[in-house]
Amino acid sequence: MIDLYVYYKVRSEDAAELAPRVRAMQLALAGAGSGALLQRRPEVRDDALETWMEVYPGVDAAFGTRVEQAVLDAGLAGLIQGPRRSEVFIDLLPGT
């Protein structure tokens, strides 16, 4: 199992429309359940752009593909500025 982190930029003016759509997408994703998080950096930078982060803890390695398909299906790309970037983390084993 992995923890998937996806971050991207959002115009402040689009935040109110995008947030409920992302949350609905997260709830609809099989395996995401209530563990999925939607976060943003506290500061707004670069001409009113916010940095948002979707967090999916404890998912399988193929989950990232399902997330990106869900983004396309939900039509979220028009409200996101630039690319969505994904990072994968795993737990450190004891003694490492």
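Further up the page is the structure itself.
Throughout what follows, the structure given in this document is the object of discussion. (Residues numbered from 1 in each chain as written. Predicted model: local features only at pLDDT ≥ 70, side-chain atom pairs only at ≥ 80, totals over all residues. Heavy atoms only, no water.)

**Here's the deal with the overall build of the protein chain**
1) Next: Looking only at helices and strands, one finds two helices and four strands in the protein chain.
2) Next: Listing each helix as α and each strand as β along the protein chain from the N terminus yields β-α-β-β-α-β.
3) Next: For a compact globule of 96 residues, the expected C-alpha radius of gyration is about 12 Å, and the protein chain comes in at 14 Å, within 12% of that figure.
4) Next: By its C-alpha atoms, the protein chain is 45 × 30 × 20 Å across when sized along the principal axes.
5) Next: Burial analysis of the protein chain (96 residues in total) assigns 34% to the buried set. (Helix = DSSP H or I, 4+ residues; strand = E, 2+ residues; numbered from the N terminus. Rg over C-alpha atoms; globule rule 2.2 N^0.38 Å. Buried < 20%, exposed > 50% of the residue type's maximum accessible area, 1.4 Å probe, protein only.)

**Some details on helix α1 (residues 15–28)**
1) Next: When the terminal C-alpha atoms of α1 are compared, their 20 Å separation across 14 residues agrees well with the 20 Å that a helix rising 1.5 Å per residue should span.
2) Next: Looking at α1, one finds that the buried residues are Ala15, Leu18, Ala19, Val22, Met25 and Gln26. When α1 is viewed along its axis, its buried side chains cluster within an angular range of 135 degrees and face the same direction. Those residues of α1 that are exposed and aimed more than 90 degrees away from the buried face are Ala16, Leu27 and Ala28.
3) Next: Against β1 (2–11), β2 (37–40), β3 (49–59) and α2 (63–74) lie the buried residues of α1. (Expected span 1.5 Å × (residues − 1). Arc of directions from axis to C-beta. Contact = heavy atoms within 4.5 Å.)

**Here's the deal with the packing of aromatic side chains**
1) Next: For the coordinates displayed, the defined rule picks out three aromatic pairs.
2) Next: Pairing Tyr5 with Phe89 gives two aromatic rings, centres 5.5 Å apart and planes at 85 degrees, and the pair type is edge-to-face. On the criterion of sequence distance, the pair formed by Tyr5 in strand β1 and Phe89 in strand β4 (residues 81–89) is long-range, its members being 84 residues apart.
3) Next: Taking the relative accessible area as the measure of exposure, Tyr5 reaches 25% and is therefore partly exposed.
4) Next: Accessibility expressed as a relative area gives 48% for Phe89, which makes it partly exposed. (Phe/Tyr/Trp six-rings, centres within 6.5 Å; stacked < 30°, edge-to-face > 60°.)

**Some remarks on the sheet that holds β2**
1) Next: Sheet architecture is open: four strands sit in the order β2-β3-β1-β4, paired in antiparallel fashion. The open sheet has two free edges, formed respectively by β2 and β4, since each of these has just one partner strand. On average, each strand axis in the sheet is inclined to that of its neighbour by 20 degrees, with strand direction left out of account.
2) Next: For β1 and β3, the ladder comprises nine bridges, and the chain directions are antiparallel. Counterpart to Tyr8 in the pairing with β3 is Trp52.
3) Next: Against the sheet, α1 makes contact with β1, β2 and β3, and its axis sits at roughly 10 degrees relative to β3, the strand it touches most. (Pairing = 2+ DSSP bridges. Axes fitted to C-alpha atoms, helices over the stretch in contact; angles between N-to-C directions.)

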